[in-house]
Amino acid sequence: MSRRVEEYLKSEAKKANALVFVLIDSEISNMDASIKLARGVEQAGASAILVGGSSATDQMGMSQTVQAIKKSVKIPVILFPGNITGIVPEADAIFFSCLMNSDNPYFITQAQALGAPSVLKFGLEALPTAYLIIGQGTSAWFVGSARGIPLGKPNIAAAYALAARFFGMRFVYLEAGSGAATNVNPEMVRAVRRAFDGFLIVGGGIRDAGTAKQLADAGADALVIGTLLEQDGKLETLVEITKTIQGRTA
Ligand SMILES: CC(C)=CCC/C(C)=C/CC/C(C)=C/CC/C(C)=C/COP(=O)(O)OP(=O)(O)O
Ligand SMILES: O=P(O)(O)OC[C@@H](O)CO
Ligand SMILES: [Mg+2]
């Protein structure tokens, strides 16, 4: 299986303090809005577009959205599935994730087993990802039956990341949850960075450049921004974020 997207992300991450990935929630944005947003965020310096939603079930709609985004931007489009319904053919890659701290085995191995044949059939590049949900009260936390790692317990997150490393997973995604009131804190990112030498993604509740800089300085390779851009006029904040952590826009 090709590692084209993974190699691209790793080489881009070497050039910047951290990359920015933008999450387009296929349950919220219609096709025109998604295309406009994708073009805007590419211009603003985002390195990849993630498409997904914790309860996305409209595969036809997602398929069309991904296809339209692909035609509009050069940066990779990566699926971010909350379930097997989040797998569509048109993307470049998929976070093939294991919600390691779920209480439900479905989100640890069963969705993956059910989805794997489609990933192969569609030729999607699978990015092996340990998805760790931090804190509680968000959609991903609820839908994924996560036993959220307490925000103030960096060593627990680091232990999961170490387990992910020993499993051979090459990505860890520390997720406070979309729209989280409190983002993952830099102490936890630092602890996980010490334990895990792969590609470290941090997301959930990041809304300003100051926070983004702290998380990048703590060792994140990429930050995910979603909810912020669901409000009009916030592209400027994204430009500020990319400038602060990368010193550049596209
Ligand atoms: C690999 C395959 C086939 C599936 C993975 C299945 C797993 C591990 C799911 C994890 C649990 C889960 C429900 C994750 C959702 C991730 C996601 C797309 C979050 C985005 O959050 P939103 O759905 O936008 O939240 P809002 O409700 O706030 O919009
Ligand atoms: O929507 P926000 O809070 O930016 O979170 C993005 C992403 O980490 C959610 O999966
Ligand atoms: Mg959302």
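As a convention, each chain's residues are numbered from 1 in the sequence order in which they are written. All chains are assigned letters beginning at A, and all ligands numbers beginning at 1, according to the order in which they are written. Totals for whole chains, interfaces and linings use every residue, but because this is a predicted model, local features are given only for residues with pLDDT of at least 70 and side-chain atom pairs only at 80 or more, for both listing and counting.

As named in an unreviewed UniProt entry, the chain is phosphoglycerol geranylgeranyltransferase, taken from Geodia barretti. UniProt positions are given in the numbering used here, feature names are shortened, and annotations may be inferred rather than shown by experiment. As recorded by UniProt, the Catalytic activity (unreviewed entry) comment attached to the chain reads in full: "sn-glycerol 1-phosphate + (2E,6E,10E)-geranylgeranyl diphosphate = sn-3-O-(geranylgeranyl)glycerol 1-phosphate + diphosphate".

Run through the sheet that holds strand β6 (residues 171-175), naming residues and quoting values.
One requirement defines pairing of two strands: DSSP has to find at least two bridges between them. Runs of E in the DSSP output that reach at least two residues are strands. Runs of H or I that reach at least four are helices, and both are numbered from the N terminus. Judged by pairing direction, the barrel is parallel, and its eight strands sit side by side in the order β1-β2-β3-β4-β5-β6-β7-β8 before closing back on the first. Averaged over all pairs of adjacent strands, the angle between their axes in this sheet comes to 30°, without regard to strand direction. The sheet contact formed by β6 and strand β7 (residues 199-203) spans five bridges and is parallel. Along β7, the bridge assignment pairs tyrosine 173 with isoleucine 201. All axes are obtained by fitting lines to C-alpha atoms, using only the stretch in contact for helices, and the reported angles, taken between N-to-C directions, cover 0 to 180 degrees.

How would you sum up the site of ligand 1? Please name residues and give values.
Any residue whose C-beta atom, as placed from the backbone, lies within 6 Å of a molecule or strand is termed near it. Close to ligand 1 lie 25 residues, the nearest being Ser54, Gly82, Gly115, Ser139 and Gly144. Counting only elements with at least two residues in the shell around ligand 1, the list comes to β4 (93-99), α4 (110-122) and α5 (139-143). Here the element with the most residues in the shell around ligand 1 is β4; it accounts for four residues. Throughout this entry, Asp, Glu, Lys and Arg are counted as charged residues, while Ala, Val, Leu, Ile, Met, Phe, Trp, Tyr, Cys and Pro are counted as nonpolar. The remaining residues, Gly among them, count as polar. Split by residue class, the shell around ligand 1 holds 12 nonpolar, 12 polar and one charged.

Can you break down the site of ligand 2 residue by residue, with the values?
Around ligand 2 sit 14 residues in total, of which Ser178, Gly203, Val224, Gly226 and Thr227 are the nearest. Split into classes, the residues belonging to the shell around ligand 2 amount to six nonpolar, seven polar and one charged.

Explain the environment of alanine 164 residue by residue, including any values.
Tracing the backbone shows alanine 164 in helix α6 (residues 154-167). Taking the C-alpha atoms as reference points, alanine 164 and glycine 123, separated by 41 residues in sequence, lie 24 Å from one another. Throughout, a pair of residues is in contact if the C-beta atoms placed from their backbones lie within 7 Å. Not counting residues up to four positions away in its chain, the partners in contact with alanine 164 are Met100, Ala130, Met169, Val172 and Phe196.

Tell me about the packing of α6 against helix α7 (residues 186-195), residues and numbers included.
Relative orientation of the contacting elements α6 and α7 amounts to 30°, with a least axis distance of 8 Å. On the basis of the axis angle, α6 is roughly parallel to α7. Like other packed secondary-structure pairs, α6 and α7 cross with a definite hand, here right-handed. Mapping the contact onto sequence places Pro154, Asn155, Ala157, Ala158, Ala161, Leu162 and Arg165 in α6 and Glu187, Met188, Ala191, Val192, Arg194 and Ala195 in α7. Broken down by class, the residue content of the contact of α6 with α7 amounts to nine nonpolar, one polar and three charged. Roughly parallel covers angles under 35 degrees, roughly antiparallel covers those over 145, roughly perpendicular covers 65 to 115, and oblique covers all other angles. The hand of a helix crossing depends on one turn: near helix anticlockwise from the far one by less than a right angle means left-handed, and clockwise means right-handed.

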